[in-house]
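Fold and geometry: a report
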Protein chains: 2
Amino acid sequence: MTIAEVGKKYDITPDTLRYYERIGLISDVPRTKNGIRDYDEKSCKRIEFIKCMRNAGVEIDILSKYISLIETGKSTVEERKKLLEDQREKLLAKQKTINETLDRLNYKIKIYEDIASGKRKDFTED
Amino acid sequence: MTIAEVGKKYDITPDTLRYYERIGLISDVPRTKNGIRDYDEKSCKRIEFIKCMRNAGVEIDILSKYISLIETGKSTVEERKKLLEDQREKLLAKQKTINETLDRLNYKIKIYEDIASGKRKDFTED
DNA sequence: TATTGACTTGGAGTTTACTTAAAGTGATAT
DNA sequence: ATATCACTTTAAGTAAACTCCAAGTCAATA
């Protein structure tokens, strides 16, 4: 698969894919005899994983660390597990924050609805 | 309240509070005769709101727009409601993304646990 | 054969959201 | 009185994560 195809498949620009490769997030991407990237299954899976984590806001530094642990080999399994657990904690905290903010948004939207329907005349921001 | 006190109360640095004021996110902060900020209830509520939204990842541009709508007056109620609804949609989408990523993290962590407990010997990343 | 188009590289530029620095003011502590 | 401390301003600097640009290569098509 060419870089354009992979980019389309995962909704990542070729520039970003090259950037990820440059910083070591994606390694060992196969090339044609002319030096053009020809992504294989393994690379695609890696990209899909990174895309998923990045979408949720996991930082590149963390992902770099994780990838380097994988590349170091079996001895890093415990450390990898710890890293993923830490990220899970962060995402759970983020989830909680978002829920709180959603409650607040719902409350404010309701006030605006009441104003629109004439149920409420007075209101003070915020 | 001084800027340092407000900063401590909401866990925002004084520099960030001045920055928010500079870009128009927080306006009409009262001052002492010497020009020192003396935050009142209204300013504090605004800060608390902004902090909540920023924690959830709502962008400063969006908050600026919202604040300017508030300052324009009652005629913008409908537009404000729309803006908040858009942000709610974004947060719901983010929530969904995070949940998917959490599922994936849980799956991977489980694999690492199985490896640690000897239940599983073979594994291929990712 | 000439041009088009997708790819390559290295490096510079952009965006968002702060963060820090430099220079100065004014009230309080020694 | 002098030094300390928290505050003030304007402006420049930083970090993270891309994003774009210039110059060049190669295969395919007009």
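This text follows the structure it describes.
Residues numbered from 1 in each chain as written. Chains lettered and ligands numbered in written order. Predicted model: local features only at pLDDT ≥ 70, side-chain atom pairs only at ≥ 80, totals over all residues. Heavy atoms only, no water.

**Section: a negative patch on the surface**
Residue and element names in this part refer to chain A. A grouping of Glu5, Asp28, Asp38, Asp40 and Glu41 is seen on the molecular surface, where their side chains present a negatively charged patch. Looking at the element boundaries, Glu41 is found in helix H3 (residues 41-55). With a relative accessible area of 58%, Glu41 lands in the exposed category. (Patch = residues over 30% accessible without salt bridge, like charges linked within 9 Å, V, L, I, M, F, W, Y side chains within 5 Å. Areas by Shrake-Rupley, 256 points an atom, 1.4 Å probe, with all protein chains shown as cover. Salt bridge = Lys/Arg side-chain N within 4 Å of Asp/Glu carboxyl O. Lys, Arg positive; Asp, Glu negative; His and termini not counted. Charge placed at Lys NZ, Arg CZ, Asp CG, Glu CD. Helix = DSSP H or I, 4+ residues; strand = E, 2+ residues; numbered from the N terminus. Buried < 20%, exposed > 50% of the residue type's maximum accessible area, 1.4 Å probe, protein only.)

**Some remarks on the relation of the copies chain A and chain B**
Expressed as a screw operation, the relation of chain A to chain B combines 0.0 Å of axial shift with a rotation of 180°, fitting to an RMSD of 0.1 Å. Viewed as a symmetry operation, the transformation between the two copies matches a two-fold axis. Among all residues of chain A, the one whose C-alpha sits closest to the rotation axis is A:Gln95, at a distance of 3.3 Å. A share of 100% of interface residues in chain A that are also interface residues in chain B marks the association as one of identical surfaces. (Least-squares fit on C-alpha atoms with pLDDT ≥ 70 in both. Contact = heavy atoms within 4.5 Å.)

**Quick look at the environment of B:Ile23**
Residue and element names in this part refer to chain B. Structurally, Ile23 can be placed in the loop between helix H2 (14-22) and helix H3 (41-55). The class of Ile23 is partly exposed, set by a relative accessible area of 33%. Each C-alpha atom of the pair Ile23 and Ala116 lies 52 Å from the other, and the pair is 93 residues apart in sequence.

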